[in-house]
Amino acid sequence: MSEPPTGPSGPPSRPLPRAGRPGRRRLSGGRVAAIALGAIVLLAAAHTLLWNLMGSRLQAGYDAWAAARRAQGWRIEHEAPQRGGWPLSATLRLPEFRFSGGGATVPGGIDWSARAVVLRVALHRPGELRVSAGGPQRLRVGQAEIPFAADRLTARLPLQANVPPKGGEFEALRLRIGTAAGGMEVGAAALAFDSRMSAIEGEPAISLEGLVENVTLPVATPLGNAVRSLRIDAALTGPLPGGRNPTNRAATWRDAGGTLEIRRLDLDYGPATAQVAATLALDEALQPMGAGTLKLTGAEAVLDALVSGGAVTARNAGLARRVVGLLARPLAEGEPPVLEVPLTLEARGLAVARIPVARLPPLVWPGPAEGRGPGP
């Protein structure tokens, strides 16, 4: 009987089974499914915990804001708040919302009511608060009553703990406004602002950029009733004084060298486009004063429209055309001429190229100036 062959150092080694290395076991399909299900349950629990936490913080933040406004004399009313938004955001719905007060700043005060106001914080954007209002709304400023509604009316504000928003963005889509002259519609509007309460003299304390498009006016003018666009870029320089008396605050701001810088105001209306840049301040009577520049394209077409509408006589239009012919210059070859003239505002009188064109109504400040004699 022959013996098995041996290697040079002993019997041959036996190969390991192909099932795998020692110490590792293959997971069964049921075990994999159980682990996956457990992970899903843990993620769902963590998501629900985060959602509840954000909802609680949203409620606490609103309660603190409302308490601070009420302490300042504002009136805030609404029905019982309703939480929602799961799973992608935390929302707080305030039905039949009403916000009123401010009589010390605005004569007659401010009163705004909406069918519902919704506060929303998306889970993937915890640092941004969205405020939207839907349904028919009503705004009263003093004695003026303004009913309005919009397909979309939203504000986006930065959200920081124990810090009031210093800026934000507002959007409106198909905004419909009721006026004494009839209905007015704004196709789209966007507004962005930023504030720096610590701004010193000459620094922007409040910056504002806005765009309004496709406005249908309630009544037609010689230039029509459709404004294609209005764009503004402006800044209010500091420092901004504190206090509740608007007259005193305005006088202090004026004395500190405060100005309103209209960096750019563009209007596209009827046959003309206009661009205005100006610097405004307050005079001794707390009335606006300042100077700027107007650039107007389509001046002759505007004169034709004013004559057709009966707003300007043919004789005066003829004189104005001579001035336009002397002052208007094309910016480039083949482009329409642009009329560039200086603007001045002094003692409530507005002059274009030193020619008086309008007298503005007085700006009435609420409340007398304390320690400064009778108000304006």
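The model shown is predicted, which means the values in this text are computed figures rather than measured ones.

> In this structure, what is going on with the overall build of the chain? I would like to understand it.
Check the secondary structure of the chain and you find four helices and 17 strands. In the chain, buried positions account for 27% of the 376 residues. Counted over contacts in the chain with a minimum sequence separation of 6, partners at least 24 positions apart contribute 50%. When the accessible surface of the chain is totalled, it reaches about 24,100 Å², and 60% of it is carbon and sulfur.

> Quick question: what am I supposed to make of helix 2 (residues 246-255) here?
Spacing of three or four residues puts side chains on the same side of an α-helix, whose turn is 3.6 residues. Counting buried residues along helix 2, seven of its 10 residues qualify, which places the element largely inside the surrounding structure. By the burial criterion, the buried members of helix 2 are Pro246, Thr247, Asn248, Ala250, Ala251, Trp253 and Arg254. Looking at the buried residues of helix 2, the elements they touch are strand 10 (224-237), strand 11 (260-269) and strand 12 (272-282). Here helix 2 starts with a cap whose side-chain oxygen sits 2.9 Å from the backbone nitrogen of Thr247, and that cap is Asn245.

> Hey, could you run me through the nonpolar core in this one?
Counting residues in hydrophobic clusters, the biggest one holds 18 residues, and the most contacted among them are Leu58, Tyr62, Ile76, Leu92, Phe97, Val117 and Leu119. Secondary structure elements with two or more residues in this core: helix 1 (29-71), strand 3 (89-101), strand 4 (110-122) and strand 5 (128-141). Contacts of Tyr62, omitting those with residues within four sequence positions, involve Ile76, His78, Leu92, Leu94, Phe97 and Leu119. In this structure, Ala272, Ala274, Leu294 and Ala328 belong to the second largest nonpolar core, which totals 13 residues.

> I'm lost on the pattern of salt bridges in this one. Help?
Opposite charge on two side chains permits them to pair, given that their charged atoms come into close proximity. All told, the structure shown has 17 salt bridges when counted by the stated rule. For Asp151, the salt bridge is made with Arg176, and the minimal N-O distance between the two is 3.1 Å. A residue pair is termed long-range when its members are at least 10 positions apart, and Asp151 in strand 6 (residues 144-158) and Arg176 in strand 7 (residues 167-179) qualify at 25 residues. We note a salt bridge from Asp266 to Arg264, for which the minimum N-O separation is 2.7 Å. If you follow the salt bridges from partner to partner, you end up with Asp151, Arg174, Arg176 and Glu185 in one network.

> Before we go on, may I ask you to explain the pairing of strand 11 in this structure?
Along a regular strand, successive side chains alternate from one face of the sheet to the other. Pairing geometry for strand 10 and strand 11, over nine bridges, is antiparallel. Bridge pairing in strand 11 links Leu230 to Leu267. Pairing between strand 11 and strand 12: eight bridges, direction antiparallel. Within strand 12, the residue paired with Glu261 across the bridge is Thr279. The antiparallel hairpin formed by strand 11 and strand 12 contains two residues in its connecting segment, where Gly270 sits at a positive phi of about 60 degrees.

> What exactly am I supposed to notice about the side chain of Asp111 here?
Positionally, Asp111 belongs in strand 4. Reaching out from Asp111, the side chain makes a polar contact with the side chain of Arg98 at a distance of 2.6 Å. Setting aside residues up to four positions removed in sequence, Asp111 forms contacts with Arg98, Phe99, Ser100, Arg138, Leu139 and Arg140.

> Teacher, can you tell me more about unusual backbone geometry here?
With the exception of glycine, the majority of residues adopt a negative phi angle, and the majority of peptide bonds are in the trans configuration. For the peptide bond that leads from Trp86 to Pro87, omega is 15 degrees, which places it in the cis range. Following the sequence through the fold, Pro87 ends up in the loop between strand 2 (82-84) and strand 3. With an omega of 0 degrees, the peptide bond between Gly238 and Pro239 qualifies as cis. Tracing the chain through its elements places Pro239 in the loop between strand 10 and helix 2. The phi torsion at Arg348 lies on the positive side, around 65 degrees, for a residue other than glycine. Among the structural elements, Arg348 can be located in the loop between strand 15 (337-346) and strand 16 (349-352).

> Teacher, can you tell me more about the pairing of strand 7 here?
As defined by bridge partners, strand 6 adjoins strand 7 across eight bridges and the pair is classed as antiparallel. The residue bridging Arg152 from the neighbouring strand is Leu173, located in strand 7. Relative to strand 8 (residues 182-195), strand 7 runs antiparallel, the two sharing 12 bridges. Bridging from a neighbouring strand, Gly168 pairs with Phe193 of strand 8. Between strand 7 and strand 8, which pair antiparallel one after the other, the connecting turn spans two residues.

Conventions used here
- Residues numbered from 1 in each chain as written.
- Predicted model: local features only at pLDDT ≥ 70, side-chain atom pairs only at ≥ 80, totals over all residues.
- Heavy atoms only, no water.
- Helix = DSSP H or I, 4+ residues; strand = E, 2+ residues; numbered from the N terminus.
- Buried < 20%, exposed > 50% of the residue type's maximum accessible area, 1.4 Å probe, protein only.
- Contact = heavy atoms within 4.5 Å.
- Areas by Shrake-Rupley, 256 points an atom, 1.4 Å probe, with all protein chains shown as cover.
- Polar contact = N/O pair within 3.5 Å; in protein donor to acceptor, adjacent residues only side chain to side chain.
- Core = buried A, V, L, I, M, F, W, Y, C linked by side-chain atoms within 4.5 Å.
- Salt bridge = Lys/Arg side-chain N within 4 Å of Asp/Glu carboxyl O.
- Pairing = 2+ DSSP bridges.

Honestly, it's all geometry; don't read function into it.
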